[in-house]
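Coordinates in review
Take a look at the letters that make up each chain.
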Amino acid sequence: MSNETLSHRSIIQARVAKSLRKRHARERRFRVFGLAAVLAGLAFVALLFISILVRGLPAFWQATITAEVYFDPTLIQLEPRPVPREGETPQAFSEREIAWQSQLTMVNWNRILENSIIALKPELANSRRDVRALFTSSERFHLRDLVGNDPSLIGQRVTLDLVADANVDVWVRGNIDRSLPDSQQQLRPAVRALADELRAEGVLNIKFSKALFTNPDSRSSPASAGLAGAFMGSLFMMLIVIFLAVPVGVASAIYLEEFAPRNKITDLVEVNINNLAAVPSIVFGLLGAAIFINWFRLPLSAPLVGGLVLSLMTLPTVIIATRASLKAVPPSIRHAALALGASRVQAVFHHVLPLAIPGVLTGAIIGVAQALGETAPLLLIGMNAFVANIPTTPFDQSTALPVQIFLWQGNELRNFFEARTSAAIIVLLTMMISLNALAIWLRKKFERRW
Amino acid sequence: MRIKQTVGLAIAAAAMTAIAAPAMARDTIQIAGSSTVLPFASIVAEEFGNAFSQFNTPVVGSGGSSGGLRQFCQGVGANTIDIANASRAIRDGEVESCASAGVKQILEVQFGYDGIVFASRADKGAFKLEPKHVFAAAAAQVERDGKLVANPYTRWSQVDSSLPNQEIILVIPASNHGTREVFEERVLTPGCQAFDSIKKLDKDAQGKACLDLRQDGRIIEIAGDYTETLARLQAQADAVGVFGLSFYEQNRDRLQVATMNGVTPSLETIGSGEYPVSRPLFFYVKGEHIGVIPGLAQYVEYFLNEQVSGFGSPLEEAGLIPLNDEEREQALAAFKARKAVK
């Protein structure tokens, strides 16, 4: 008997020992595969980030000419800026104001720019065209705005940082093959030589580009194209999403989770919300174009419409995240509140919701971050237009950051805008990462474990 | 409590939007259309905004000539565009659909010319093309020994011994681009007329034979803009692409241009008509919006100003072939007389 059991046991042991090796091998294999998958994923992300950083970071610095500009009173002949006269109608005053503005614009600002370099190199007095080619064309408006804001500058000498032309930037930084023959270069030989000379003398330097952050997009003066307009457009849209999608989404999630009766209708609503979350964003764009623009007659290219479309898109994400975090609150909390005589609304708002807040915030922020990066629906409501103004209200025409990336990607001045596009991607990614970091921080701060 | 306040705020904001929206009148000119015209129109828009402090800078969208005109013909009102940019003339069908939507006063403004060039990668062989070469490389059926046969050519050197020994890959604009029409009219059609067996066909069959392109993947149609064409050339080194002259000029370090009938495309040869593949550029103004959208008439007149779009202007620097003085006078006079397209 005992002998028999013993042999039986040894058979089992032998079998276990045999299979154990197999099982251990299987586990090791799985671990290796898992680790390899993680490493491959990380490698792709790293590759993406490195390639964007390598291409984009240099664009945060650009060729800048530091020169002393003399606001020559013989060139700037300007009447004093009009002030409202007594008894004057606002219309008459604005007419005089406009006349003064156009007089200000008519000043030959280019000549003042050219003179700043000719003062350093008098031998260039006869090649003004080459000197002018150094500066990006919007610098004349930069001087105009300086004088417009402070007419006392006239007659003074001021040292200014002036943005160099995009092709000068490309040339001095070697973003175009410098050994190419003249016929394949963008700049005339004289301008190239002058740029190199100024660089050697320290007049032309690579400086941090403020233009990228303070200017709207520009076509006539590519070197001064910036992200300010797109940033404001995105900001307005995000505000609309935060003030529309988040409260509506949270409210409907609370109702569905805590108050709604369980029946066919709520089931149907639930299925539909899950389906909506999976609808491709371009469909929301078509919907926005058809309803908000054609039917409600809201303006084209306006962040208002973009914000409404993105709110619709974000709504299901917020609802699903909120419901999940409400579900995660243990029922004992509700029972305890109800047992102590709280009403259902009190139980939800005083006890359940505060515990669910970290999940709700995470869901909302991830929804907003998703909306921030969305491009496709915006193309259909006219937000892919060229806008040279910084919008001041959600009704003004505007682009958005991801759309600006798309537009710069398509700009014909490839040598300059390839880097600029990557720089815009870096700005957008930084915003996304900070939003996600905020979500993580909020979750950590308010999280409660049971 | 905080959540209640937020909900209240959101409802208030939504209500405000709903009330404010219908009362909105637009005070910024809205433009859309051809991606060839877009750089020119954007430059003018920016300069216009800077020159006239009382008007906003116009907003310029793309979408191709056809897309722009479709938006243009959606109707009259602040939510429709004021100007459609086009790299081809408006079609009769489009005038009709405009009219049925209430857009009756379509003002056509021609402001310059654009050349269409064939370009290949700067590090590959140089092309000296003729329309018949392009046709023979691109058509579905070509003439061989006096008969029409399915296109057998796989390398340019087979088409003509003077061409580089490179695989035939031709990157052309898709039909949403006005450039496609010019490509067909100015290159393919004259190219196929060079072959007797096609000339003998009746008119319909001839038209079909001229414009039927091969479907074996050697013709790549691009619906996006020229950067996409350039990206194709970077991926497929042998490819030859169709570009606008202005795009080529800005990317001369990467592209080399092909001659057509021995003429190198440039501002001069296109302006004089020596280079055969060019087309006029237009924009269409909605007459109903003049006087309603502030600055619309001023924008058009500013655009036609010699200092803006003439010789030596920023637009010429950006690659536009300007109108001559007489054409400019005519365009301006026609606009001032509000002469509508019939």
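My aim in this report is to walk through the structure given alongside it, one point at a time. Because the structure is a prediction, the values reported are computed rather than measured.

1. With respect to the overall build of chain B
Assigned secondary structure in chain B consists of 16 helices and 14 strands. Projecting the C-alpha coordinates of chain B onto the three principal axes gives extents of approximately 80 × 60 × 45 Å. Relative to its full complement of 342 residues, chain B shows a buried share of 55%. Put simply, of all contacts in chain B between residues at least 6 apart along the chain, 71% involve residues at least 24 apart. In the structure as shown, chain B presents an accessible area of about 14200 Å², 50% of it carried by carbon and sulfur atoms.

2. Observations concerning the pattern of salt bridges
One pass over the full model with this rule turns up 34 salt bridges over all chains. Residue E114 of chain A is joined to R132 of chain A by a salt bridge in which the shortest nitrogen-to-oxygen separation is 3.0 Å. Of the two residues, E114 of chain A sits in helix α3 (residues 109-118) while R132 of chain A sits in helix α4 (residues 128-132), which places them 18 residues apart along the sequence. Overall, the relative accessible area of 38% leaves R132 of chain A in the partly exposed class. Among the charged side chains, a network of salt bridges with common partners joins R414 and E418 of chain A together with D253 and R254 of chain B.

3. Description of the side chain of R334 of chain A
Residue and element names in this part refer to chain A. Structurally, R334 can be placed in helix α13 (residues 331-339). Within polar-contact distance, the side chain of R334 engages the backbone oxygen of V329 at 3.4 Å. Apart from residues lying up to four places away in sequence, R334 is in contact with E258, L326, V329 and V352.

4. Some remarks on the interface of chain A and chain B
With 46 residues of chain A at the interface, the matching set in chain B holds 48 residues. Note on chain A versus chain B: buried area summed over both sides is about 3900 Å², and carbon and sulfur give 55% of it. Looking only at chain A, the three residues that lose the most surface to chain B are F386, Q397 and E412 of chain A, adding up to 15% of its buried area. At the boundary of chain A and chain B, one finds two salt bridges. A salt bridge links E418 of chain A to R254 of chain B, with the nearest nitrogen and oxygen atoms 3.2 Å apart.

5. Overview of the pairing of strand β6 (residues 141-144) of chain B
Residues and elements named next belong to chain B. Where β6 meets strand β7 (residues 147-150), four bridges bridge the pair, whose relative direction is antiparallel. Of the residues in β7, the one forming a bridge with Q141 is A150. From the end of β6 to the start of β7, which pair antiparallel, there are two residues, and D145 there has a positive phi angle of about 55°.

6. Here we look at the packing of helix α9 (residues 228-259) of chain A against helix α16 (residues 401-409) of chain A
Residues and elements named next belong to chain A. Running from N to C, α9 and α16 point in directions that differ by 145°, and their axes come no closer than 8 Å. Facing α9, whose interface residues are A230, F231 and S234, α16 presents L401, P402 and Q404. Considered class by class, the residues forming the contact of α9 with α16 number four nonpolar, two polar and no charged.

7. A closer look at the state of the cysteines
Two cysteines form a disulfide when their sulfur atoms are joined by a covalent bond. Residue and element names in this part refer to chain B. Applying the stated criterion to the full structure yields two disulfides over all chains. The disulfide bridge from C73 ends at C98, spanning 2.0 Å between sulfur atoms. Measuring handedness by torsion sign, the sulfur bridge of C73 and C98 sits at about -80° and is left-handed. Of this pair, C73 sits in the loop between α3 (64-72) and β3 (83-86) while C98 is found in helix α4 (residues 92-100), placing the two residues 25 residues apart along the sequence. Side by side, C73 and C98 carry an identical accessibility label, which is buried. Between the sulfur of C192 and that of C210 lies a disulfide, 1.7 Å long from S to S. On the sign convention where negative is left-handed, the bridge of C192 and C210, at about 45° about the S-S bond, is right-handed. Taken together, the positions of C192 in helix α7 (residues 178-193) and C210 in helix α9 (residues 203-211) put the pair 18 residues apart, joining distant regions of the chain. Residue classification places C192 among the buried positions, given a relative accessible area of 0%.

8. Overview of a negative patch on the surface
All names here are of chain B. A cluster of acidic side chains, namely E306, D325, E326 and E329, defines a negative patch on the protein surface. Sorting elements by how many residues they give to the negative patch places helix α16 (residues 325-336) first, with three residues. Mapped onto the elements, E306 comes out in helix α14 (residues 306-309). Given the relative accessible area of 41%, E306 is considered partly exposed.

The rules behind the values
Residues numbered from 1 in each chain as written. Chains lettered and ligands numbered in written order. Predicted model: local features only at pLDDT ≥ 70, side-chain atom pairs only at ≥ 80, totals over all residues. Heavy atoms only, no water. Helix = DSSP H or I, 4+ residues; strand = E, 2+ residues; numbered from the N terminus. Buried < 20%, exposed > 50% of the residue type's maximum accessible area, 1.4 Å probe, protein only. Contact = heavy atoms within 4.5 Å. Areas by Shrake-Rupley, 256 points an atom, 1.4 Å probe, with all protein chains shown as cover. Salt bridge = Lys/Arg side-chain N within 4 Å of Asp/Glu carboxyl O. Polar contact = N/O pair within 3.5 Å; in protein donor to acceptor, adjacent residues only side chain to side chain. Buried area = accessible area lost by both parts, 1.4 Å probe. Pairing = 2+ DSSP bridges. Axes fitted to C-alpha atoms, helices over the stretch in contact; angles between N-to-C directions. Nonpolar A, V, L, I, M, F, W, Y, C, P; charged D, E, K, R; others polar. Disulfide = S-S within 2.5 Å. Patch = residues over 30% accessible without salt bridge, like charges linked within 9 Å, V, L, I, M, F, W, Y side chains within 5 Å. Lys, Arg positive; Asp, Glu negative; His and termini not counted. Charge placed at Lys NZ, Arg CZ, Asp CG, Glu CD.

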